[in-house]
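Structural features, examined
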Amino acid sequence: MKIVMLEPLGVAENVLMEAARPLTEAGHEFVPCFEKLSDEEKKERAKDADVFVIANSPLSGEIINAAENLKMISVGFTGIDHVDMAACAAKNVLVCNSQGYATDPTGELAVGLMLACLRNIVPYDGVVRKGGTLAGYRHNTLRGKTVGIVGTGAIGMKVAELCKAFGCRLLGYNRSEKPEAAALGIEYTGIDELFAQSDIVTLHLPFTEATKHIASRERINSMKSSAILINCGRGPLVDSQALADALNEGRIAAAGIDVFETEPPIPSDHPLLNARNAILTPHVGFYSEESLAARADIVIANITAWLAGSPVNVKS
């Protein structure tokens with residue numbers, strides 16, 4: 001089998017090649033990638049590939065269809081909405097994701113953004129550098145806050161675990177209620193009630209047509225004036241213009257946003273760039289040295305499991 005990477009996985013060459021050793025030792029051809037490729041370069045690489053390895057860059061049907069022998073795609077990412085799944089289905093291509101590698105770092109970033117918003121960490125850095133003091137800012141603790149977790153999958157549950165340690169009350173919204181959530185003290189409620197009752201709303205859903213703008217203008221406007229919105233899920237979960245309006249008009253207190261409608265760099269006219277009390281990070285929830293090394297291992301494990309006839313992390 002020819003296994004071709006179409007984008008880097010963010011790990012050093014020695015880490016990647018060690019992860020790929022089970023494939024190369026079994027006689028498979030493994031073509032690594034350590035720099036960003038154009039679509040034309042991807043199409044050229046794809047021509048005789050049996051397996052693709054990608055991360056979070058868009059994978060079009062044109063590139064998928066250029067690979068006549070393509071049988072499987074191992075996605076180094078949790079979400080798969082950047083993959084043309086219709087093209088995969090038409091070619092009967094198996095798609096597997098890297099479930100679990102980003103759980104800890106994304107959960108930690110979500111809580112970090114909560115703390116940054118509550119404790120004014122980002123603006124205080126500038127204040128101190130200009131010779132200022134703490135005057136003029138609200139000061140709040142995470143302990144005792146009601147945290148509404150939208151999506152109680154693995155990452156949402158990690159956030160719940162961390163927030164429980166801070167002494168928070170936990171509300172949850174999910175398509176199905178998970179028995180293990182009760183052990184963390186999560187109280188499931190309707191989505192509208194969650195937005196209205198929470199001091200902090202944190203989003204941890206995949207993007208689908210059903211979840212688009214789940215943080216709608218109406219729900220954002222129903223939040224407490226002291227509330228905070230965190231999005232470490234997918235960018236289109238939030239109506240960004242509605243959120244910017246709410247922040248600029250003081251209808252909610254702050255927001256911590258790691259994901260946008262497109263991958264950073266985001267357009268200069270994006271409404272959140274000039275929104276008050278918005279802390280923005282460039283889609284780094286999944287990103288740590290530890291998680292990227294784990295991702296490389298999972299990507300290769302997906303392929304070896306598929307080759308053995310027992311695929312895992314199957315998304316199609």
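Residues numbered from 1 in each chain as written. Predicted model: local features only at pLDDT ≥ 70, side-chain atom pairs only at ≥ 80, totals over all residues. Heavy atoms only, no water.

On to the environment of Arg-175. Take Arg-175: it is sitting in the loop between β7 (169-173) and α9 (179-183). Sequence separation of Arg-175 and Asn-65 is 110 residues, and the distance between their C-alpha atoms is 34 Å. (Helix = DSSP H or I, 4+ residues; strand = E, 2+ residues; numbered from the N terminus.)

Here the focus is the sheet that holds strand β4 (residues 72-75). The strand order across the open sheet built from five strands is β2-β1-β3-β4-β5, with neighbouring strands paired in parallel fashion. Pairing within the sheet leaves two strands with one partner each, and these edge strands are β2 (29-31) and β5 (94-96). Shown here is a sheet whose adjacent strand axes are inclined to one another by a mean of 15°, direction ignored. Sheet analysis places β4 next to β5, joined by three bridges and oriented parallel. (Pairing = 2+ DSSP bridges. Axes fitted to C-alpha atoms, helices over the stretch in contact; angles between N-to-C directions.)

Bringing the confidence of the model for the protein into the picture now. In the predicted model, the protein carries a mean pLDDT of 96, and 100% of its residues have values of at least 70. Confidence, read as mean pLDDT per element, is least for α9 in the protein (92) and greatest for strand β9 (residues 200-203) (99). (pLDDT = per-residue confidence, 0-100.)

The final tally for this structure, using the stated rule, is 16 salt bridges. For Glu-18, the salt bridge identified is with Arg-21, shortest N-O distance 2.7 Å. Exposure remark for Arg-21: the relative accessible area of 37% places this residue in the partly exposed category. Each of Glu-18, Arg-21 and Glu-25 takes part in a single network of salt bridges with overlapping partners. (Salt bridge = Lys/Arg side-chain N within 4 Å of Asp/Glu carboxyl O. Buried < 20%, exposed > 50% of the residue type's maximum accessible area, 1.4 Å probe, protein only.)

Quick look at the sheet that holds β7 now. If you trace the seven strands from one edge of the open sheet to the other, you get β8-β7-β6-β9-β10-β11-β12, paired in parallel fashion. The open sheet terminates on both sides in strands that have one partner only, identified here as β8 (186-188) and β12 (278-280). Strand-to-strand twist across the sheet, computed as the mean angle between neighbouring axes with direction ignored, equals 20°. Where strand β6 (residues 146-150) and β9 come together, four bridges link them in parallel fashion. Following the sheet pairing, Val-147 is matched in β9 by Ile-200.

Another aspect to go through is the environment of Glu-263. Along the chain, Glu-263 turns up in the loop between β11 (254-257) and β12. Taking relative accessible area as the criterion, Glu-263 reaches 36% and is therefore assigned partly exposed. Glu-263 sits 207 residues away from Asn-56 along the chain, and the two C-alpha atoms are 9.0 Å apart. Apart from residues no more than four positions distant in its own chain, Glu-263 is found in contact with Asn-56 and His-283. Here the side chain of Glu-263 touches Asn-56 through a polar contact of 3.3 Å, side chain to side chain. A distance of 2.8 Å separates polar atoms of two side chains, one belonging to Glu-263 and the other to His-283. (Contact = heavy atoms within 4.5 Å. Polar contact = N/O pair within 3.5 Å; in protein donor to acceptor, adjacent residues only side chain to side chain.)

Moving on: the pairing of β4. Looking down a regular strand, the side chains alternate between one sheet face and the other. Residues Met-72 and Ser-74 line one face of β4 and the alternating positions Ile-73 and Val-75 line the opposite face, and both faces are buried. Bridge count for strand β3 (residues 51-54) against β4 is four bridges, and the pairing is parallel. Across the sheet, Phe-52 pairs through a bridge with Ile-73, a residue of β4. Crossover connection from β3 via helix α4 (residues 61-66) to parallel β4: handedness right-handed. What joins β4 to β5 is helix α5 (residues 85-91), and the crossover it makes is right-handed. (Right-handed = clockwise from strand over helix to strand, strands pointing away.)

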